[in-house]
Amino acid sequence: MASTIDIVEFELGGERYALDIQLAREIVEMIPITPIPRAPAYISGVINLRGEITNIMNLNTLLGLPDQEVRTNQKIIVLVPEATGGSNVGIIVDDVSSVIQVSDSDVDKVGEGFGSDSSTFVKGIIKMKTEDATADTKKNLIIWIDMEKVIKDLVEK
């Protein structure tokens, strides 16, 4: 019996990504972000979310992806404090597609000897099944980001 994982699927630069659902506290609409002087490039700034100051990170910059202009349906995924060492942290994504359950058998783990720094942040590649035989097979792959590792790596720098 294969176990299942609940993930939040989101978009960045036209590609599909995912993170563990238990890491996401909430998903909020994009609101104005106050920039912080001399902050690292991956920190977009801070927001006041119901009285809590929340650091907002640009996931594109963090993962070394090209950053595009501001998109219209951008969202902020606010992470649970347990995943961020107790801080209030949100990440900017282009759009949140869905919350889905995937089976372990649909996940290919990424090998450690991959050679790229960013591969250490990838938990695996999720293969989505599709009924449409003509569908673009590339669009059926979701890159599963190890958000805890990404955050931990930042804290250790």
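Residues numbered from 1 in each chain as written. Predicted model: local features only at pLDDT ≥ 70, side-chain atom pairs only at ≥ 80, totals over all residues. Heavy atoms only, no water.

Would you take a moment to explain the packing of aromatic side chains for this structure?
Two measures describe an aromatic ring pair: the distance that separates the ring centres and the angle between the ring planes. Applying the stated criterion to the full structure yields one aromatic pair. Residues Phe10 and Tyr17 carry aromatic rings whose centres are separated by 6.1 Å and whose planes lie at 20 degrees to one another, so their mutual orientation is stacked. Taken as a pair, Phe10 and Tyr17 share a single burial class, namely buried. (Phe/Tyr/Trp six-rings, centres within 6.5 Å; stacked < 30°, edge-to-face > 60°. Buried < 20%, exposed > 50% of the residue type's maximum accessible area, 1.4 Å probe, protein only.)

Looking at this structure, I do not really get the pattern of salt bridges. What am I missing?
Any two side chains of opposite charge can pair, given that their charged atoms come close. Under the criterion given, the structure shown has eight salt bridges. In this structure, Glu9 engages Arg16 in a salt bridge whose closest nitrogen and oxygen atoms are separated by 2.7 Å. Take Glu9 and Arg16: they sit in the same class, and that class is buried. With a shortest N-O distance of 3.0 Å, Asp20 and Lys123 are connected by a salt bridge. Of the two residues, Asp20 sits in strand β2 (residues 15–20) while Lys123 sits in strand β10 (residues 122–127), which places them 103 residues apart along the sequence. Via salt bridges that share partners, Arg25, Glu26, Arg50 and Glu52 belong to a single interconnected network. (Salt bridge = Lys/Arg side-chain N within 4 Å of Asp/Glu carboxyl O. Helix = DSSP H or I, 4+ residues; strand = E, 2+ residues; numbered from the N terminus.)

I would appreciate a short explanation of unusual backbone geometry in the present structure.
For residues besides glycine, phi is generally negative; the peptide bonds are generally trans as well. A positive phi angle is found at Arg38, which is not glycine, with a value near 60 degrees. Taking relative accessible area as the criterion, Arg38 reaches 87% and is therefore assigned exposed. One non-glycine residue, Arg50, lies in the positive phi region at around 50 degrees. By the secondary structure assignment, Arg50 is in the loop between β4 (43–49) and β5 (52–58).

What's the story with the nonpolar core in this structure? I'm lost.
Core analysis: the largest hydrophobic core is formed by 25 residues, its most contacted members being Phe10, Leu19, Leu59, Ile77, Ile91 and Met147. Elements with a minimum of two residues in this core: β1 (4–12), β2, α1 (59–62), β6 (75–79), β7 (89–93) and α2 (147–156). Excluding residues that lie within four positions of it along the chain, Leu19 makes contacts with Ile7, Val8, Phe10, Ala24, Ile77, Leu79, Ile91, Trp144, Ile145 and Met147. Among the nonpolar cores identified, the runner-up in size contains nine residues, and Ile5, Val107, Ile126 and Ile142 belong to it. (Core = buried A, V, L, I, M, F, W, Y, C linked by side-chain atoms within 4.5 Å. Contact = heavy atoms within 4.5 Å.)

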